[in-house]
Amino acid sequence: MATSPPPRWAPTPSPSRPLWGPSSPAAGSDSRLLPPFRAMPPTATGEAQPPAPPAGDGGGRSGTHAGFDGIIAHHPEDDDDQREDIRRGGGGGVFITWEDVWVTAVDGRGKTATILHGVSGSARPGEVLAIMGPSGCGKTTLLDTLAGRLDTNLRSKGDILINGRRQKLAFGTSAYVTQENVLMATLTVREAIYYSAQIQLPDTMPVAEKLARAGDTIQEMGLTSALDTRIGGRQTKGISGGQRKRLSICLEILTRPWLLFLDEPTSGLDSAASYHVMSRITGLAAREGMTIVAVVHQPCSEVFELFHGLCLLASGQTIYFGPAANATEFFTSNGYPCPPMTNPSDYFLRTINRDFELENEETRTVSKPSAADEAIETLGGVMLRRKQATFLTKVLVLTRRSFVNMYRDVGYYWLRLGIYISISLCLGTIYYNFGYGYDSIRSRSSMLMFTGGLLTWMAIGGFPSFVEEMKIFRRERLNGHYGVSAFVISNWLSATPYLVLIAVLPGAIAYYLSGLKRRVDHFMYFTLVLCSCTMLVEGLMMIVAAIVPDFLMGIITGAGIQGIMLLNCGFFQLPSKLPNIVWKYPMFYISFHKYALQGFYKNEFLGLVLENNPGVGDKTITGEQVISVLFETEMGHSKWVDFAVLCGMIVAYRLLFVMIIKVVDILKPMFKGETFRCHSQCK
């Protein structure tokens, strides 16, 4: 092997000759790249005809993988008619170019580390551009930069043009499929796709057309055989890894975006599954005229042959940019011939990987090639935002989807309901039939405190399920499916029936067994307050999930916050005995347990006549005296004011969640200290 590294390949684009077109000398006669859309100037398209498929894609490969999981392998030779449609300009097309893009990570002290060093390149309609390179070379960072998804602790500069213009990617024009398959485990494949279609597609589109679009998308990604199978997760196995990946892609191509970003679409798949997933993707690009940019770590040789373009990175710099079919010749011409019977992609990555170089002076003198300096002039109109479903439609569909997920996920509410019933039976039997003696005063207050405080504390049990739903929310929100408001309202609506159920049923058991006031209006107030407390805890845990996405840390954080509120509600220490600084002002007044407990006291004790402590004053004592003197309850307002405060806090918690979601990305770098997140960003 030669000692000098391969220089970058950077042909000069010409307005009259497309960079990857058939007339480009670098492309060769077997170029697989499609003629451009009409978004390109007429001088660039000329009268070029679709090129012939490469010899490597011939019929010899069809018998190897045909029939895998209901998928028929895509072959370029089957797309002549579709390519002709693309050549005639049948639809919108997106040319994305980037020139001299630099990305730098910034820590809390202002120190910087450069991730991308002036990379340049382009991608065209009907083609798949693969971004490859060793781990840590900046592949995912480049993808996030092009998609406008960089974290706030990363800074970028350079020109990223969409059809020759600086403009943001509007909804419907682009989509991003993450490496992790963030899906709702309880839904079937059919439900996941149909719900997503109703959310993303506009209300002006008839329902039948939406279903047809969903059906076409299902067939395109070969998921027909798994339609009625649940996705699965930690409780059930569900569909396979390849099907999950194809489903993730399905959900993002329902709007037929012109630009599709894929982060590791073959991650976790074997060679056969990887081939068929990428075969479907390349077929989709050809049929729909999509511009697809994919980060691929180490594809097999058959997958590599499907790529139209290749962007090869090393240490944040471009080593090669051009047709994937010409990469082997490029390496050979520079003294690095690919050995026979060797996967070209494996060889490329092994050649440019610096992670395992020997640490000696001889090795350190070897310099890596500079970053590519390349750009394509693209002309086109301003991209218009596509129509979506209305806000009301999104809320209704999200509510229905979330309701189904909560119904099927045992850990969301059903397990909690069973535990609540068990605890309520314990409460009812321990405090069975209070009576009206002096000791019943303490029994009543303890039972009400446990119900309003400790029982609602267990609402944190559904936090792990909510965290999974938050992951889906973040993915869909980043892709423009819906906003924070629609998510909050739909989650609230879908959760309310379950929260009412776990308040009424266990509450009735504890209420009537213990012997609290046997009047319907008092029982209704009791259940309303109990239900409002569970809603408050749900809102609190939503806020925690927005700040602490890890479910274990979130449970600990949520439990700690509730514990502090519980200590300052006026039960464990009377309000007059609380230290004024912090514990009474403000903790006593912002603790929702205070309003719940005082509402319970007023609902139960007002109107009661109880036996007094023997030998102390009168033989009887009124309930009003008990709560005003012994419990120091605020008597200047009715119990309904306490309930109204709880309702106001429910709304305030949801609004606070919305605010936190909008600013959490800005605050994240403040908590990162000196730790760069290059290990997660620079894949």
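Conventions adopted
Residues numbered from 1 in each chain as written. Predicted model: local features only at pLDDT ≥ 70, side-chain atom pairs only at ≥ 80, totals over all residues. Heavy atoms only, no water. Phe/Tyr/Trp six-rings, centres within 6.5 Å; stacked < 30°, edge-to-face > 60°. Helix = DSSP H or I, 4+ residues; strand = E, 2+ residues; numbered from the N terminus. Buried < 20%, exposed > 50% of the residue type's maximum accessible area, 1.4 Å probe, protein only. Lys NZ or Arg CZ within 6 Å of the ring centre and 35° of its normal. Pairing = 2+ DSSP bridges. Axes fitted to C-alpha atoms, helices over the stretch in contact; angles between N-to-C directions. Contact = heavy atoms within 4.5 Å. UniProt positions renumbered as here; feature names shortened; annotations may be inferred. Right-handed = clockwise from strand over helix to strand, strands pointing away.

Chemist: Describe the packing of aromatic side chains, listing the residues and the values that go with them.
Modeler: Following the criterion strictly, the structure yields 33 aromatic pairs and no others. Here Y176 and F261 contribute two aromatic rings whose centre-to-centre distance is 6.3 Å and whose plane-to-plane angle is 35°, an arrangement assigned as tilted. With Y176 in strand β5 (residues 174–177) and F261 in strand β6 (residues 259–263), this pair connects stretches of sequence that are 85 residues apart. Since its relative accessible area comes to 4%, Y176 is described here as buried. Looking at F261, the relative accessible area reads 1%, which means it is buried. One aromatic cluster in this structure is built from F304, F307, Y320, F330, F331, Y347 and F348. Here the guanidinium or amino end of K639 rests over the ring plane of Y525, the centre of that ring lying 4.8 Å away. Between R654 and the ring centre of W492, over which it is positioned, the NZ or CZ distance is 5.1 Å.

Chemist: An account of the sheet that holds β6 is requested, with residue identities and associated values reported.
Modeler: Each strand in a sheet pairs with its neighbour through backbone hydrogen bonds, running either in the same direction (parallel) or in the opposite one (antiparallel). With respect to topology, 6 strands assemble into an open sheet ordered β5-β6-β7-β3-β8-β9, the strand pairing being mixed. For this open sheet the edge positions go to β5 and β9 (317–323), each flanked by a neighbour on one side alone. Here the average twist between neighbouring strands, direction ignored, is 15°. In this structure, β6 lies alongside strand β7 (residues 291–295), joined through 5 bridges in parallel fashion. Residue pairing for β7: F261 is matched across the bridge by V293. Each of β3 (127–132), β5, β6, β7 and β8 (309–314) touches helix α4 (residues 139–147); the most contacted strand, β6, lies at about 155° to it.

Chemist: Help me get a handle on the UniProt feature "transmembrane region" (unreviewed entry) in the chain, residues and values and all.
Modeler: Mapped onto the present numbering, the UniProt feature "transmembrane region" (unreviewed entry) falls on residues 413–434, 446–467, 487–513, 525–548, 554–574 and 640–661. Secondary structure within residues 554–574 divides into 67% helix and 0% strand; the distance between the first and last C-alpha atoms comes to 30 Å. The span residues 640–661 carries 100% helix and 0% strand; its end-to-end C-alpha distance comes to 32 Å.

Chemist: A description of the pairing of β6 should follow, citing residues and the corresponding values.
Modeler: By the criterion of burial, β6 is predominantly enclosed, with 5 of the 5 residues buried. Side chains L259, F261 and D263 project from β6 onto one buried face, and the interleaved L260 and L262 project onto a second face that is buried too. For β5 and β6, the ladder comprises 4 bridges, and the chain directions are parallel. Bridge assignment links A175 to a residue of β6, and that residue is L260. In the classification by handedness, the crossover that spans β6, the intervening helix α8 (residues 271–288) and the parallel β7 is right-handed.

Chemist: Give me unusual backbone geometry: which residues, what numbers.
Modeler: One can expect most non-glycine residues to show negative phi and most peptide bonds to be in trans. Each neighbour pair has its own omega, and for Y585 with P586 the value is 15°, a cis peptide bond. Non-glycine residue S315 carries a positive phi angle of around 55°. The topology assignment puts S315 in the loop between β8 and β9. Of note in this structure, N433 is not a glycine but carries a positive phi near 50°. Relative to the elements of secondary structure, N433 occurs in the loop between α14 (410–430) and α15 (439–457). Residue N433 is classed as partly exposed on the basis of its relative accessible area of 48%.

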